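Residue-level listing of the chains:
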Amino acid sequence: MIKVLIVDDDFMVAKVHAGFIQRTPGFSVVGAAHTGAQAVAETERLQPDLVLLDIHLPDINGLDLMQRLRAVAPELDVLVISAAREVETVRKALRGGIVHYLIKPFSQTDLQERLEHYRSAYQGLDAAKDVAEQSDVNRVFGLDRSERPLPKGCSIETLRLVEAALNAAPGDVSAAEVAEALGTSRVSARRYLEYLHDEGTLDVRLKYGVGRPERRYVLKV
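From a predicted model like this one, the values you see are computed outputs, not experimental measurements.

## Notes on the nonpolar core
Most often, soluble globular proteins keep nonpolar side chains buried together rather than apart. Val7, Leu53 and Val80 are the most contacted members of the largest nonpolar core, which has 22 residues in total. Those elements giving two or more residues to this core turn out to be β1 (2–7), α2 (36–46), β3 (50–53), α3 (62–72) and β4 (77–82). For this core, the element with the most residues is α3, which contributes four residues. Beyond its immediate sequence surroundings of up to four residues, Leu53 is in contact with Val7, Gly62, Leu65, Met66, Val78, Leu79, Val80 and Ile81.

## Remarks on helix α9 (residues 186–198)
With 13 residues, α9 should cover 18 Å at 1.5 Å per step; its first-to-last C-alpha distance of 18 Å lies within 8% of that length. Those residues of α9 not exposed but buried are Ser188, Ala189, Tyr192, Leu193, Glu194, Tyr195 and Leu196. The positive-phi residue at the C-terminal boundary of α9 is Gly200, with phi of around 90 degrees.

## Digging into the packing of α2 against α3
Direction vectors running N to C along α2 and α3 enclose 25 degrees, while the axes themselves pass 8 Å from each other. Taken together, α2 and α3 sit at an angle that is classed as roughly parallel. When the axes of α2 and α3 are compared, the crossing they make is right-handed. Contacts between α2 and α3 pair Gly36, Ala39, Val40, Thr43 and Glu44 from the former with Leu65, Arg68, Leu69 and Val72 from the latter. Partitioning the contact of α2 with α3 into residue classes produces five nonpolar, two polar and two charged.

Calculation criteria
- Residues numbered from 1 in each chain as written.
- Predicted model: local features only at pLDDT ≥ 70, side-chain atom pairs only at ≥ 80, totals over all residues.
- Heavy atoms only, no water.
- Core = buried A, V, L, I, M, F, W, Y, C linked by side-chain atoms within 4.5 Å.
- Buried < 20%, exposed > 50% of the residue type's maximum accessible area, 1.4 Å probe, protein only.
- Helix = DSSP H or I, 4+ residues; strand = E, 2+ residues; numbered from the N terminus.
- Contact = heavy atoms within 4.5 Å.
- Expected span 1.5 Å × (residues − 1).
- Axes fitted to C-alpha atoms, helices over the stretch in contact; angles between N-to-C directions.
- Parallel < 35°, antiparallel > 145°, perpendicular 65-115°, else oblique.
- Left-handed = near helix turned anticlockwise from the far one by under 90°.
- Nonpolar A, V, L, I, M, F, W, Y, C, P; charged D, E, K, R; others polar.

Printed below as a string of structure tokens:
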């Protein structure tokens, strides 16, 4: 489970964002902070994996805060969420090593897309292997998703949710189990799972019982 700390000066906005995150498989909100000082204290105490960081805080600019947060949590990743649209602000954030920059206001889908990219790319790169392949690096920089062909009627957003469900599962899963988790049809879930299998992302295991063997899917190690 990826632990997330929300840093936003607006209590209600932070609560809304927390709801978005809690509805994203594989992510858990561990706390919220509303000032830079609180953010440093909570980051040191909670050691989150990811901070959703607003730039406009009452006591410090969020971009200046990033280094202080990483001083108490060196492995911390930062996703900026801000109404700031100035090009120089975006450039400074990029130079600071953020994983994404999301401009307010945004929808639940907007945030979930960024979170799923973070989970599949950054977290996958950390855990997958000692040596990165070019395809691993491409995932981090988003180069494989834009040109990745999908079956007719499929969307990249749903594909990412399927991948998140697979990552959150303790073991292999069936198409019916994925469909129930995502609130979609079994046929639709199986289409995405078979696509990932054809791409070499998943292994298929057959569970034998009465009637036709059940196809169960698991991420390749």
